[in-house]
Amino acid sequence: MMIFSLVLSALLAWVLTAALRHYALMRNVLDIPNARSSHTRPTPRGGGVAFVLVFTVFAAISTALPITTPPGTWALIGASLIVAITGFIDDHHPLPARWRLVGHAAGAGLLLWSFGGIPR
């Protein structure tokens with residue numbers, strides 16, 4: 001069952017990444033290289049959203065199955081969705097750094113809150 005889940009999640013990530021790449025090219029959601037870029041040609045944005053969606057789907061399925069689910073799974077799903085949505089919005093309409101920070105801090109704060117604060 002674990003191998004099946006791994007193969008299925010890899011295939012789903014591959015299909016979603018291709019779909020998001022096509023979407024980015026059609027909507028002109030590209031990262032245009034500048035002096036600080038690590039690449040030399042325009043690159044479609046948003047590919048990480050596919051991985052977050054696949055993780056979310058499989059984590060949600062695992063919580064519904066009669067297996068042991070690690071504590072904090074729903075908080076991790078929520079935090080990853082907050083960060084992914086922040087990135088997706090930023091890809092389409094560049095956000096000021098403070099709003100990106102707010103999105104990332106909200107995701108991190110959700111995780112910290114769900115685990116009872118900063119571990120000692």
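First, a word on scope: everything that follows refers to the structure included in this document. (Residues numbered from 1 in each chain as written. Predicted model: local features only at pLDDT ≥ 70, side-chain atom pairs only at ≥ 80, totals over all residues. Heavy atoms only, no water.)

## What about the overall build of the protein?
For clarity, the cut-off: Here a helix means four or more residues in a row that DSSP labels H or I, a strand means two or more in a row labelled E, and each is numbered from the N terminus. For the exposure calls, accessible area comes from a 1.4 Å probe over protein chains only, and a residue counts as buried if that area is under 20% of its type's maximum, exposed if over 50%, partly exposed in between. Here, residues are in contact when the closest pair of their heavy atoms is within 4.5 Å. Exposure was quantified through the Shrake-Rupley algorithm and a 1.4 Å probe, taking into account, for residues, occlusion by the shown protein chains and nothing else.
Across its full length, the protein carries four helices and two strands. Reading the protein from its N end, one meets helices and strands in the order α-β-β-α-α-α. Along the three orthogonal principal directions, the C-alpha set of the protein runs to about 45 × 35 × 20 Å. Here the protein holds 120 residues, and 18% of them are scored as buried. Contacts in the protein between residues at least 24 apart in sequence constitute 52% of all its contacts with a sequence separation of at least 6. Of the accessible surface of the protein, which amounts to about 8,800 Å², a share of 71% is contributed by carbon and sulfur atoms.

## Comments concerning a nonpolar patch on the surface
Let me state the cut-off plainly: Any residue with relative accessible area above 30% and no salt bridge may belong to a patch, with like charges joined within 9 Å and the nonpolar Val, Leu, Ile, Met, Phe, Trp and Tyr side chains within 5 Å. Throughout this description, the term salt bridge denotes a Lys or Arg side-chain nitrogen within 4 Å of a carboxyl oxygen of Asp or Glu.
On the surface, Ile 3, Val 7, Leu 11, Trp 14 and Val 15 cluster together to form a nonpolar patch covering roughly 550 Å² of accessible area. Relative to the assigned elements, Val 15 resides in helix 1 (residues 2-27).

## What about helix 3 (residues 73-92)?
As a reminder of what qualifies: What a helix should span is 1.5 Å times the count of its residues minus one.
For helix 3, with 20 residues, the first-to-last C-alpha span of 29 Å sits near the 28 Å given by 1.5 Å per residue. Along helix 3, the positions that sit buried rather than exposed are Thr 73, Ala 75, Ile 77, Ala 79, Ser 80, Ala 84, Thr 86 and Asp 90.

## Focus on the pattern of salt bridges
Across all of its chains, the model carries three salt bridges by this definition. With a shortest N-O distance of 3.2 Å, Arg 45 and Asp 31 are connected by a salt bridge. With Arg 45 in the loop between strand 2 (43-44) and helix 2 (47-64) and Asp 31 in strand 1 (residues 30-31), this pair connects stretches of sequence that are 14 residues apart. Given a relative accessible area of 24%, Asp 31 falls into the partly exposed group. As a salt-bridge pair, Asp 91 and Arg 45 come within 3.5 Å of each other at their nearest N and O atoms. One end of the pair, Asp 91, is in helix 3; the other, Arg 45, is in the loop between strand 2 and helix 2, with 46 residues separating them in the sequence.

## A short note on the environment of Thr 73
One can find Thr 73 in helix 3. For the pair formed by Thr 73 and Val 49, sequence separation is 24 residues and the distance between their alpha carbons is 18 Å. When residues no more than four places from it in sequence are discounted, the contact partners of Thr 73 are Ala 59 and Thr 63.

## Re the packing of helix 3 against helix 4 (residues 97-114)
To keep it simple, the criterion reads: Working convention: axes come from line fits to C-alpha atoms, limited for helices to the stretch in contact. Angles between N-to-C directions cover 0 to 180 degrees. Angular relationships are summarised with four words: roughly parallel below 35 degrees, roughly antiparallel beyond 145, roughly perpendicular across 65 to 115, and oblique for the angles in between. Gly falls in the polar group here, along with every residue not listed as nonpolar (Ala, Val, Leu, Ile, Met, Phe, Trp, Tyr, Cys, Pro) or charged (Asp, Glu, Lys, Arg).
Where helix 3 contacts helix 4, the axes come no closer than 8 Å and their chain directions differ by 175 degrees. One element, helix 3, and the other, helix 4, form an angle in the roughly antiparallel class. Together, Ala 75, Leu 76, Gly 78, Ala 79, Ile 82, Val 83, Thr 86 and Asp 90 of helix 3 and Trp 99, Arg 100, Gly 103, His 104, Ala 106, Gly 107, Leu 110, Leu 111 and Ser 114 of helix 4 make up the contact between the two elements. Looking at side-chain class alone, the contact of helix 3 with helix 4 contains nine nonpolar, six polar and two charged residues.

## Considerations on unusual backbone geometry
A positive phi angle, near 60 degrees, is found at Asn 28, a position not held by glycine. Mapped onto the secondary structure, Asn 28 falls in the loop between helix 1 and strand 1.

## Section: helix 1
Over its 26 residues, helix 1 extends 37 Å from the first C-alpha to the last, a length consistent with the 38 Å expected when each residue adds 1.5 Å. Within helix 1 the residues assigned to the buried category are Ser 9, Ala 13, Leu 20 and Ala 24. On its buried face, helix 1 sits against strand 1, strand 2 and helix 2.

Any link to function would need more than the numbers given here.
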